[in-house]
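# A look at the structure
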Amino acid sequence: MAREEAMIVAGVGCRRETSADEIERVVRMALGMFDLPVERLDSVATESEKATDPVFAEVARRLSVKLVGCTVDDLDRVAGRVLTPSKLVLKAKGLPSIAEASALVVAGRDGRLLGTRVATERATCAIAVGEGR
């Protein structure tokens, strides 16, 4: 598969009441780390419960991408593949990651993280590539 054809997914985790501006900023920071233009982004992914928060719909609209929610079971299935486990997320959700795991789930079975997640004060983002789920 040629790199141009790969699906690019931004997995996002955040604290409650994080603004759309901050989530958009962390996504753009993560894309920038890998020299990826925002136009290459296919979707923003997060845990299903968070995906219902209107700020995520707003971020997806701003970036012109699809918003995908991932179940806790989906996230748990890729738990062994995350690069930077979070003690905070482990305590709150029983999972080692939201951002990295969400990106991996949506990138598909052969998806891979481009690197570790990036973080702002209230949000994290990881970028994964793959063929999609």
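Structure first, text after, so check above.
Here's a quick rundown of the structure. Bear in mind that the values here come from a model prediction, so they are computed numbers and not experimental data. (Residues numbered from 1 in each chain as written. Predicted model: local features only at pLDDT ≥ 70, side-chain atom pairs only at ≥ 80, totals over all residues. Heavy atoms only, no water.)

Once that is clear, we can look at the overall build of the protein. Of the regular secondary structure elements, the protein holds 6 helices and 6 strands. For the protein, the α and β elements follow one another from N to C terminus as β-α-β-α-α-β-α-α-α-β-β-β. For 133 residues, the compact-globule estimate of 2.2 N^0.38 gives 14 Å, and the protein sits close to it at 13 Å. Looking at the protein as a whole, 53% of its 133 residues qualify as buried. Long-range contacts, defined as pairs at least 24 residues apart, comprise 66% of the intrachain contacts of the protein with a sequence gap of at least 6. (Helix = DSSP H or I, 4+ residues; strand = E, 2+ residues; numbered from the N terminus. Rg over C-alpha atoms; globule rule 2.2 N^0.38 Å. Buried < 20%, exposed > 50% of the residue type's maximum accessible area, 1.4 Å probe, protein only. Contact = heavy atoms within 4.5 Å.)

Moving on to the packing of helix H1 (residues 20–33) against helix H3 (residues 54–63). Viewed as axis vectors pointing N to C, H1 and H3 meet at an angle of 50 degrees, and their least axial separation amounts to 9 Å. With respect to their mutual orientation, H1 and H3 come out oblique. Viewed along their axes, H1 and H3 form a crossing whose handedness is right-handed. Of the residues in H3, those touching H1 at Ala20, Asp21, Ile23, Glu24, Val27 and Arg28 are Val55, Phe56, Glu58, Val59, Arg62 and Leu63. For the contact of H1 with H3, the per-class residue count stands at 7 nonpolar, no polar and 5 charged. (Axes fitted to C-alpha atoms, helices over the stretch in contact; angles between N-to-C directions. Parallel < 35°, antiparallel > 145°, perpendicular 65-115°, else oblique. Left-handed = near helix turned anticlockwise from the far one by under 90°. Nonpolar A, V, L, I, M, F, W, Y, C, P; charged D, E, K, R; others polar.)

Summed over the entire model, instances satisfying the criterion amount to 8 salt bridges. Ionic pairing is found between Glu24 and Arg28, a salt bridge with its closest N-O pair at 3.0 Å. Of this pair, Glu24 and Arg28 both sit in helix H1, 4 residues apart, roughly one helical turn. One salt bridge in this structure joins Glu58 and Arg61, with 2.7 Å as the shortest N-O distance. Of this pair, Glu58 and Arg61 both sit in helix H3, 3 residues apart, which is roughly one turn of the helix. (Salt bridge = Lys/Arg side-chain N within 4 Å of Asp/Glu carboxyl O.)

Right, let's get into the environment of Ile23. Looking at where Ile23 falls in the secondary structure, it is placed in helix H1. Sequence separation between Ile23 and Val55 is 32 residues; the distance between their C-alpha atoms is 8.3 Å. Every residue in contact with Ile23, bar those within four places of it in the chain, is listed here: Val12, Cys14, Thr18, Val55, Phe56 and Val59.

With that out of the way, let us pick up the nonpolar core. Counting residues in hydrophobic clusters, the biggest one holds 26 residues, and the most contacted among them are Val27, Leu31, Leu41, Leu63, Cys125 and Ile127. For this core, the elements supplying multiple residues, two or more each, are strand E1 (7–14), H1, H3 and strand E6 (123–130). With 6 residues, the top contributor of residues to this core is H1. In this structure, Val27 is in contact with Ala10, Val12, Leu41, Leu63 and Cys125, ignoring residues within four places of it in sequence. (Core = buried A, V, L, I, M, F, W, Y, C linked by side-chain atoms within 4.5 Å.)

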